[in-house]
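# Structural overview for review
Here's the letter readout for the chains.
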Amino acid sequence: MATAHRTTTVRGLDIHYREAGPADAPVLLLLHGFPTSSHMFRELIPRLADRYRLIAPDHIGFGRSAAPDAADFPYTFAELAAITGEFTEQLGIERYALYIQDYGAPIGLRLALAHPERVTAIVTQNGNAYEEGLGKEAWAPVLALIAERTPQTEAPVREISSPEGIKWQYLHGVPEEYRALVAPEAYEHDAALMARPGQPEIQLDLISDYGSNFALYPAFHAYFRTSQVPLLATWGAHDEIFVPAGALAFQRDLPKAEIHLLPTGHFALETHAAQIADLVRDFLDRHPLPAG
């Protein structure tokens, strides 16, 4: 089924999103991570669009959505989550399952805290919510920046958005037999968008704000325990950014959570889209979603 590329406006800001599937089908809201966009779902969406209405927005500052200057817009996770919530309301989506990855995890989980009645299930693909999920080496420069933002702490974090840093995020942890499956245009596409004017300031503001997500971890865990929301983790087992312990930790608060560690890295859809689609389809078949 064909994927449509649409744009809507929230608070005067254009939000680009991909959409596929029947208009009256249950909704799966796909929230991408850093440094990518809805482009990361290009292989997954067609595999699920026969049964679900898939909606994948580009966050403000990413992809084809608006990227106002950091001096004019508060690039915080609270703000991105609020805009995403307004985006779903504008589209008339009353209930949905979440698919969260990387930055999409704290954004999506903030939506769940605000309106737990709207979230019917969660699929997390290297989308972290536990301290033990933070890879020590990968997170060391980010934690230093969060503790104190100075030119010295900014410098190594800037490298994360460089072409080399982005390529590493796509290829680290991917075994040799799967590396040929990672499309070069994926990391080249992200690198080109990250090279636009104003992006260094945008991304530094967001990364600096990541500590606000750590502060919400206890609330996320309480939400899991209270709601017992059905959760599926499809996790790259060799991810050095969000390590497998973060996937296994979900079972502490959600004993029935289903955990699948796949032999790949951070961007698991690049190498295992077909397998992840099968896992998602099976999971949602056993946890039927109401029409959105």
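Placed above this text is the structure.
Residues numbered from 1 in each chain as written. Predicted model: local features only at pLDDT ≥ 70, side-chain atom pairs only at ≥ 80, totals over all residues. Heavy atoms only, no water.

### Digging into the sheet that holds strand S4 (residues 53-57)
So the rule is basically this: Should DSSP find at least two bridges between two strands, the strands are regarded as paired. Only DSSP runs of H or I reaching four residues or more are called helices, and only runs of E reaching two or more are called strands; each is numbered from the N terminus. Axis definition: a line fitted to C-alpha atoms, over the contacting stretch in the case of helices. Angles run 0 to 180 degrees between N-to-C directions.
Strand order in the open sheet formed by 8 strands is S1-S2-S4-S3-S5-S6-S7-S8, and the pairing between neighbours is mixed. Since the sheet does not close on itself, it has two edges, and those belong to strand S1 (4-10) and strand S8 (258-262), each with one partner. Ignoring which end each strand starts from, the neighbouring axes of this sheet average 25° apart. Looking at chain direction, strand S7 (residues 231-236) and S8 are connected through 5 bridges and run parallel. Within the sheet, the bridge partner assigned to Ala-233 lies in S8 and is Ile-259.

### Quick notes on the packing of aromatic side chains
Threshold: Under the pairing criterion, centres of Phe, Tyr and Trp rings, with the six-membered ring standing for Trp, must be within 6.5 Å; the plane angle then separates stacked pairs below 30 degrees from edge-to-face pairs above 60, leaving the rest tilted.
Here the structure, examined in full by the defined rule, presents 21 aromatic pairs. Between the aromatic rings of Trp-139 and Tyr-210, the centroid separation amounts to 5.0 Å while the plane-to-plane angle is 55°, which identifies the pairing as tilted. Remark: Tyr-210 occurs in the loop between helix H9 (199-208) and helix H10 (211-227) and Trp-139 occurs in helix H4 (residues 136-147); sequence separation between them is 71 residues. Through a chain of ring-to-ring contacts, the aromatic side chains of Phe-34, Phe-62, Phe-77, Tyr-103, Trp-139, Tyr-210, Phe-214, Tyr-217, Phe-220 and Phe-242 assemble into a single cluster.

### Observations concerning the nonpolar core
Nonpolar side chains tend to gather and get buried jointly when the protein is soluble and globular. To keep things clear, this is the line we draw: Working definition of a nonpolar core: buried Ala, Val, Leu, Ile, Met, Phe, Trp, Tyr and Cys residues. They are joined through side-chain atoms within 4.5 Å. The buried label applies to any residue whose accessible area, calculated with a 1.4 Å probe on protein chains only, is under 20% of its type's maximum; exposed applies above 50%, and partly exposed to all values in between. Whether two residues are in contact is decided by their heavy atoms: any pair within 4.5 Å suffices.
If you look at the biggest cluster of nonpolar residues, it comprises 72 residues, and the most contacted ones within it are Ile-60, Ile-122, Phe-224 and Phe-250. Here Phe-224 is in contact with Leu-109, Ile-122, Ala-129, Tyr-130, Val-229, Phe-250, Asp-253 and Leu-254, once residues within four sequence places are set aside. Counting 27 residues, the second largest nonpolar core, distinct from the first, contains Phe-41, Ala-49, Ala-121 and Leu-262.

### A short note on unusual backbone geometry
Residue Pro-35 follows Phe-34 across a cis peptide bond; omega there is 0°. Relative to the assigned elements, Pro-35 resides in the loop between strand S3 (27-31) and helix H1 (45-48). Of note, the phi angle at Asn-126 is positive, near 55°, even though the residue is not glycine. Asn-126 gets classed as buried once you look at its relative accessible area, which sits at 0%.

### Some thoughts on the layout of surface pockets
A probe matching the size of a water molecule, rolled over the atoms, marks out where space remains unfilled. Put simply, the rule reads: Any residue with an atom within 4 Å of a point lines the site, the site being either a cavity, points on a 1 Å grid over the protein atoms alone where a 1.4 Å probe fits but cannot get out, or a pocket, an open set with protein on both sides within 12 Å along at least 5 of 7 lines. Grid points are joined across faces, edges and corners, and a volume is the space filled by probe spheres set on the points. Gly counts as polar in this scheme, as do all residues outside two lists: the nonpolar Ala, Val, Leu, Ile, Met, Phe, Trp, Tyr, Cys and Pro, and the charged Asp, Glu, Lys and Arg.
Of the pockets and cavities examined, the largest pocket occupies roughly 360 Å³. If you go around the largest pocket, you meet 18 residues; those closest to its centre are Ala-138, Val-142, Ile-160, Gln-169 and Ile-241. In terms of residue count, H4 provides more of the lining of the largest pocket than any other element does, 4 residues in total. When the residues that make up the lining of the largest pocket are grouped by side-chain class, the tally is 13 nonpolar, 3 polar and 2 charged.

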